[in-house]
Structure formats: C-alpha cells, structure tokens
Amino acid sequence: MKTVIHWFRRDLRVSDNVALIAAAKRAETVIPLFIFEDAFRTGPDVGAARLAFLLQSVESLRKNLAELGHTLVIRCGKSEEVLPAFAKETGAQCVFANKRYEPYTQRRDERITGALLKNSVGFELFKDAVVWEETEILNLSGKPYTVFTPYSKAWKAKPVPPPRAKFPVRSPQSVIADLKSDALPLSPAEVGYPLTQKIPAGGERAALELLRKFMAGPVYSYTTSRNFPALDGGSNLSPHLRAGTIGIRTILAELQKAKEKAVGAEASKSCETFLNELIWREFYAQVLHNFPHVTKGAFRPEYDKLKWSDNQDHFVAWCEGKTGYPIVDAAMRCLNATGNMHNRLRMIVAMFLTKDLLINWQLGERYFMKQLVDGDMAANNGGWQWSAGTGTDAAPYFRIFNPVSQAEKFDAGGKFVRQWIPELKDFPDDLIQQPWENPLLLSKSKYPQRIVLHEEQRVKCLAMFKAVKG
Ligand SMILES: Cc1cc2nc3c(=O)[nH]c(=O)nc-3n(C[C@H](O)[C@H](O)[C@H](O)COP(=O)(O)OP(=O)(O)OC[C@H]3O[C@@H](n4cnc5c(N)ncnc54)[C@H](O)[C@@H]3O)c2cc1C
C-alpha cells in the first residue's frame, strides 16, 4: 500500500506494537495519528489521573516518533468523523489500529469500518494488547472459560510470541504531506478535570524503566511481597499496560529471562505468580468480550436482584476514607491522593463496600474508574464482581473479609495506615487497626468512630445473599 494511517489508541509506544510494525512493513508511508476523542472530555468514567497520564504518554510518544523521523499528527473530535476526513485529506488507503475489547469500543469500530468503507478506505485491526484473545482459549466444549485456573493452564500450554520489532526510522522515499495538528490540552484541568492527585510518570521510557527495575530484583520475592501494602512489591506496570506504553510480549520476554536466572524455589515461584497476574488480566479481557452483560450487571444474573443499601452517608464515608476502619480509610485516602491502590487493598475496600456497607458494587466500580490511573473496564469490573461474589471464578458470596484480621495480617503495626491517617499517630502498634478498643484515645483523636459493626453487617450480608439464592 502507498499510505496507511496508524491510529494510536491504547498502544502509545513505538516498540512491540503489532499494528504499527505491520503498517511499516506493508505501506510506503505511515502516518501516525492520535485522536483526542470528545469522549475523553465527557465520558461518565473519565478521571483526571488517567487523563493526565494519557497526555504525558502522548507527549512522550510524540518525542519518540520524532527521534525516528516521524511526526505524530493530533486531531481532536469524534473518531468516527475524524478518520474518514483524515483519510480523504491524506489519500490513505487504509487505517491500521490495535484491537480494543470494551463492548462500546467494538461497536464504535464497527461504525468506523462502515464510515471508511464508504470512501473505499480499509480499516484493519490487530491483536496487540493481549497474547490470547477471546476466542483463542476455549474449553473442551468450545465455550469461554469462566474459572481462572483451567483458563490459565490452557493459556500456559500455548507458545508465547516474541516482542515485535521497533518502528523503523522513516525511510527517505516515504512522502509526508504538510499535515496540521490540533493542540492537545495542556492539562486535564483544561477540559474540566483538575488534577489533585500525584500520579506516576507516563510514557514508554518510564514503562521500560519500571520493567527493568522490577525484573532486576523484586520479581524474585513477588509471591510474598505483593501482599503487603507498605512494601512496593508489585511491578506498578498497570497504568502502562492500560495506556499501552509497554507491550505485553516485551514483559513476557523479560519475565522469561528472569525465570532462567532465578535461584531457588521462592524466586521461581515468584516468577510464576507474576505470570499468573498477567494471565488474570487476559482472563478478564476475554470475560468482558464474551459476556458483555457484565458491564451492566452481575455476571450471575440472579445477583441483580440483591437488595443493596442506599445509605448515601455510608457511601460518602467510604469514598472519603472516614469509615472508622483504618485499613479501609487509609486505602481510600491513598487512592484519592495518588490514583493508585495496592491490589490487596482493592480487595479489602471492595469487600467492605459490598459486604459491610451492603452497597452495590457498581457504585464502587464507577468510583474506582473515576479515580484510578490504571482504570481498566475489564480488570476493574472483574475485580469488583469477584469481591462482591457476583462474578466469574470461585469467590463465593459467603467469603467475607474481616477488615481487622486482613489489616493485622498484611499491615501489622500499621506502617501503611500511619502514612495516610495522621490522626492515629498516638495509637500503639497493637491497637492501630482497631482504635475503638481504646475509646479514650479515640475520642481525643479526630478519627471517626466505626460507621458499622463488622460482625452485625456480616450476618445481614449473608441474609441478603440467601434471599436471592433461595
Ligand atoms: C476491586 C478491584 C479493582 C481493580 N481494578 C483494576 C483496574 O481498573 N485496572 C487494573 O489494571 N487492575 C485492576 N485491578 C487488579 C490489580 O489490583 C491491579 O492490576 C494491580 O494492583 C496493579 O498493580 P501492579 O501493576 O503493581 O500489579 P502487579 O502485581 O505487578 O501485576 C502485574 C500486572 O498484572 C495485571 N494484574 C494484576 N492483578 C490483576 C487482577 N487481579 N486482575 C487483572 N489484572 C491484574 C495488571 O496489569 C498488573 O499491572 C483491580 C483489582 C480489584 C480487586
């Protein structure tokens, strides 16, 4: 082909990018395009942290492309309208992009196919964000898996593809027209989302640096350290996997190298545990595609009949980190301040909202999407439905975390809690996770009383679930 537009979406990188390298191989001229969608300003789930990370990552992509002699064109608007017009302006024969898996983006891509086709322009989508997509791992009856363990076994039985080559330097014979770019907002505040959170650096270099650091050491103790919020035991790659500033094949190739160098059972096991987490990501991506009803309700429809509480004061206390349960409050304050929350804490606060406050998981899911830098429809929905007991996999409704025993197990002495709740600074280590045990000290501090009693709420929760299970 003479000219192909590569439309960057959740793949903001020049290396290990399937559609981009395919465009370089098949077209004389590749025009890199990023569309700042209208939906980024108006969508119900848009959040300042994710938007800021996106803007940083697009800027980094622009620089990386410039180093290779390419100019990233920016256009603002609705992709369904921008793409046909841009294809006409550039005379491109085809638009290449990497596939997305959210139901609304798939419907949009169908509309784009139609709109481009009217002008005889092609639209090719490539598998890039995941190693194996929705129809590639099926059970013996040809159906999608709804339980993780057999899915992960089937996933591991398949060969992992290597990373794709880097996008090459622009060839001298490729013709570039003088294409104007629209200005990107300088900050999320410019489009109505003031950033109050301190977020990590976006962009491909930042992602590769995180990967390098993680594989140089932390990966070998991941099985244990990943559970403790006060330790930085995870890779912190989730915002990058979400924005596509790193390719999944690159991570897997580095993991394979780390595995080969692992010394001792703990180190090898940790590499395997990390692989499992990456597979969880793909598991939830295929759940979202194969069971799109999860975006609107419970994976198991009988749970749509649950009679959730509509106590708005409780919901606000949860959002603001004022429930009186230190581990829950510290986690929520951390989320509000950084756009991030440790995985263990996500499970604790999600269980607390649904099983202690008896509030619908969908409110929590929505709140997370607004706050998280890594907010991803598939992983977030999967995590919420797992915690609420309404989803795929074995998280039965009667498995209810006790927030105090979770805190004592994973934050003994309250190192994490102390970072986020200065009101509790005078409490000794053995009481920091249950300050109500010293009513005098609690009344002197400005920290709130518990808004509910866990043991009472547990009984109510079991009754609520039993009522719909019959
Ligand atoms: C209620 C709830 C909501 C969540 N919402 C999101 C979300 O919006 N976006 C998101 O990326 N993850 C989400 N997770 C999963 C998990 O908490 C984060 O992926 C993890 O905390 C990110 O930190 P990390 O990059 O250091 O992960 P690591 O521990 O280093 O794991 C490596 C990668 O594996 C993937 N991963 C790890 N755990 C999971 C999981 N349980 N499900 C799916 N993918 C996983 C992520 O891409 C992660 O970056 C959620 C979990 C729960 C319980």
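Residues numbered from 1 in each chain as written. Predicted model: local features only at pLDDT ≥ 70, side-chain atom pairs only at ≥ 80, totals over all residues. Heavy atoms only, no water.

Student: Would you take a moment to explain the overall build of the chain for this structure?
Tutor: The number of helices and strands found in the chain is 20 helices and five strands. A compact globule built from 470 residues would reach a C-alpha radius of gyration of about 23 Å, and the chain, at 24 Å, matches this within 12%. Seen through its C-alpha atoms, the chain measures out along the principal axes to roughly 80 × 50 × 50 Å. Here the chain, with 470 residues, has 55% of them falling under the buried criterion. Taking as baseline every contact in the chain between residues at least 6 positions apart, the subset at least 24 positions apart corresponds to 79%. Accessible surface computed for the chain: about 20700 Å², of which carbon and sulfur atoms make up 56%. The distance from the centre of the 63 positive side-chain charges to the centre of the 51 negative ones in the chain is 2 Å. (Helix = DSSP H or I, 4+ residues; strand = E, 2+ residues; numbered from the N terminus. Rg over C-alpha atoms; globule rule 2.2 N^0.38 Å. Buried < 20%, exposed > 50% of the residue type's maximum accessible area, 1.4 Å probe, protein only. Contact = heavy atoms within 4.5 Å. Areas by Shrake-Rupley, 256 points an atom, 1.4 Å probe, with all protein chains shown as cover. Lys, Arg positive; Asp, Glu negative; His and termini not counted. Charge placed at Lys NZ, Arg CZ, Asp CG, Glu CD.)

Student: Explain the packing of helix H6 (residues 148-156) against helix H11 (residues 265-290) here, please?
Tutor: Helix packing geometry: the angle between the two helix axes and the distance between the axes. The contact between H6 and H11 brings their axes to 10 Å, and the two run at 105 degrees. Classified by the angle their axes make, H6 and H11 are roughly perpendicular. Residues Phe148, Tyr151, Ser152, Trp155 and Lys156 of H6 form the contact with H11, whose own contacting residues are Glu272, Leu275, Asn276, Ile279, Trp280, Glu282, Phe283 and Gln286. In the contact of H6 with H11, the residues fall into seven nonpolar, three polar and three charged. (Axes fitted to C-alpha atoms, helices over the stretch in contact; angles between N-to-C directions. Parallel < 35°, antiparallel > 145°, perpendicular 65-115°, else oblique. Nonpolar A, V, L, I, M, F, W, Y, C, P; charged D, E, K, R; others polar.)

Student: Please explain the pattern of salt bridges as it appears in this structure.
Tutor: Between side chains of opposite charge, pairing is possible as soon as their charged atoms come close. A full pass over the atoms with the stated rule returns 28 salt bridges. The salt bridge partner of Arg9 is Asp109, with a shortest N-O separation of 2.8 Å. Taken together, the positions of Arg9 in the loop between strand E1 (3-8) and helix H1 (18-26) and Asp109 in helix H5 (residues 103-117) put the pair 100 residues apart, joining distant regions of the chain. The exposure class assigned to Arg9 is buried, which follows from its relative accessible area of 7%. Of the residues examined, Asp109 reaches a relative accessible area of 4% and is grouped as buried. In this structure, Arg249 and Asp16 form a salt bridge, with 2.7 Å as the shortest nitrogen-oxygen distance. With Arg249 in helix H10 (residues 248-261) and Asp16 in the loop between E1 and H1, this pair connects stretches of sequence that are 233 residues apart. Just as Arg249 is buried, Asp16 falls in that class too. Taken together, the shared-partner salt bridges connect Arg10, Arg100, Glu102 and Asp376 into one network. (Salt bridge = Lys/Arg side-chain N within 4 Å of Asp/Glu carboxyl O.)

Student: Is there a simple way to think about the pairing of strand E4 (residues 94-98) in this case?
Tutor: Consecutive residues of a regular strand have side chains that alternate between opposite faces of the sheet. With five of its five residues buried, E4 lies for the most part within the structure. Side chains of E4 alternate between two faces, with Cys94, Phe96 and Asn98 and Val95 and Ala97 buried alike. Taken together, the three bridges between E1 and E4 define a ladder with parallel strand orientation. Among the inter-strand pairings, His6 is bridged to a residue of E4, identified as Phe96. Sheet analysis places E4 next to strand E5 (residues 122-126), joined by five bridges and oriented parallel. When the sheet's bridge partners are listed, Phe96 is paired in E5 with Glu124. Following the chain from E4 across H5 to the adjacent parallel E5, one finds a crossover that is right-handed. (Pairing = 2+ DSSP bridges. Right-handed = clockwise from strand over helix to strand, strands pointing away.)

Student: It is not clear to me how the domain arrangement of the chain should be interpreted in this structure. Could you clarify?
Tutor: By a frequent convention, interface size equals the accessible area lost on bringing the separate parts together. As far as domains go, the chain holds domain 1 (3-128), domain 2 (137-159 + 203-290) and domain 3 (301-465). One C-alpha centre belongs to domain 1, the other to domain 2; they are set 26 Å apart. The interface of domain 1 with domain 2 comprises 20 residues on the first partner and 16 residues on the second. The contact between domain 1 and domain 2 buries some 1600 Å² in all, and 44% of this surface belongs to carbon and sulfur atoms. Considering only the side of domain 1, the residues that lose the most area to domain 2 are Arg10, Asp16 and Phe53, jointly responsible for 34% of the buried surface there. The interface formed by domain 1 and domain 2 contains three salt bridges. Between Arg249 and Asp128 there is a salt bridge, and its shortest N-O distance comes to 2.9 Å. Every element with two or more residues in the side of domain 1 that touches domain 2 is listed here: helix H3 (48-67) and H5. (Domains from an automatic or database assignment. Buried area = accessible area lost by both parts, 1.4 Å probe.)

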